[in-house]
Amino acid sequence: MDEKIIMMDDDGNEVELFIVEETRINNVNYILVTEDESEEAEAYIFKDVSDDNAAEAVYEPVEEEEEIQYIGKIFSELLEDTDIL
């Protein structure tokens, strides 16, 4: 987990997140991130909603339960030894 990303929270504060895994499904980039590097850290799934020509990626949290389950299963398979709930 060497790669980090800085995001803004709802209050406009910067939050540093660790990128655990990345994948691309149906031409959409997804990242699995955590707030710390511990084994028991909560993980969040974000998807890239930026324009293809954008200089920087714009990520939004995946909120639709069906999409979370589907992408979570893929990340779980990519990480093999990690359970994503």
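Analysis parameters
- Residues numbered from 1 in each chain as written.
- Predicted model: local features only at pLDDT ≥ 70, side-chain atom pairs only at ≥ 80, totals over all residues.
- Heavy atoms only, no water.
- Salt bridge = Lys/Arg side-chain N within 4 Å of Asp/Glu carboxyl O.
- Helix = DSSP H or I, 4+ residues; strand = E, 2+ residues; numbered from the N terminus.
- Buried < 20%, exposed > 50% of the residue type's maximum accessible area, 1.4 Å probe, protein only.
- Expected span 1.5 Å × (residues − 1).
- Arc of directions from axis to C-beta.
- Contact = heavy atoms within 4.5 Å.
- Pairing = 2+ DSSP bridges.
- Axes fitted to C-alpha atoms, helices over the stretch in contact; angles between N-to-C directions.
- Patch = residues over 30% accessible without salt bridge, like charges linked within 9 Å, V, L, I, M, F, W, Y side chains within 5 Å.
- Areas by Shrake-Rupley, 256 points an atom, 1.4 Å probe, with all protein chains shown as cover.
- Lys, Arg positive; Asp, Glu negative; His and termini not counted.
- Charge placed at Lys NZ, Arg CZ, Asp CG, Glu CD.

Caption draft 1: Representation of the pattern of salt bridges within the structure. Counted under the stated rule, the structure contains two salt bridges. Where Lys4 meets Glu16, a salt bridge forms, and the shortest distance between an N and an O atom there is 3.8 Å. A residue pair is termed long-range when its members are at least 10 positions apart, and Lys4 in strand β1 (residues 4-8) and Glu16 in strand β2 (residues 14-25) qualify at twelve residues. Using a relative accessible area of 38% as the deciding quantity, one classes Glu16 as partly exposed. One salt bridge connects Glu67 with Lys47, and the closest N-O pair in it is separated by 3.4 Å. Of this pair, Glu67 sits in helix α1 (residues 65-79) while Lys47 is found in strand β4 (residues 43-48), placing the two residues 20 residues apart along the sequence.

Caption draft 2: Examining α1 more closely. The end-to-end C-alpha distance of α1 is 21 Å, a good match for the 21 Å that 15 residues give at a rise of 1.5 Å each. Three or more residues of α1 are buried, namely Glu67, Ile71, Gly72, Ile74, Phe75 and Leu79. The buried residues of α1 occupy one face: seen down the axis, they fall within an arc of 160°. Among the exposed residues of α1, those pointing more than 90 degrees away from its buried face are Glu65, Glu66, Lys73 and Glu77. Looking at the buried positions of α1, the neighbouring elements they touch are β2, β3 (28-34) and β4. Of the residues trailing α1, Glu80 is marked for its positive phi of about 50°.

Caption draft 3: Broad picture of the sheet that holds β4. With antiparallel pairing, five strands are arranged side by side in an open sheet as β1-β2-β3-β4-β5. Looking at the sheet topology across the chains shown, the edges are occupied by β1 and β5 (59-61). Each strand of the sheet is rotated relative to its neighbour by a mean of 45°, with strand direction disregarded. Pairing geometry for β2 and β3, over seven bridges, is antiparallel.

Caption draft 4: Seen up close, a negative patch on the surface. A cluster of acidic side chains, namely Glu35, Asp36, Glu37 and Glu42, defines a negative patch on the protein surface. As for its position among the elements, Glu35 is in the loop between β3 and β4.

Caption draft 5: The arrangement of the environment of Ile74 in detail. Of note, Ile74 is situated in helix α1. When neighbours within four sequence positions are excluded, Ile74 is seen to be in contact with Thr23 and Ile25.

Caption draft 6: Region of the structure containing the pairing of β3. Taken across its seven residues, β3 has five buried, putting it largely inside the fold. Taking the residues between adjacent antiparallel strands as the criterion, β2 and β3 are bridged by two residues, where Asn26 takes a positive phi near 50°. Where β3 and β4 come together, five bridges link them in antiparallel fashion. Within β4, the position partnered with Leu32 by the bridge is Ile45.

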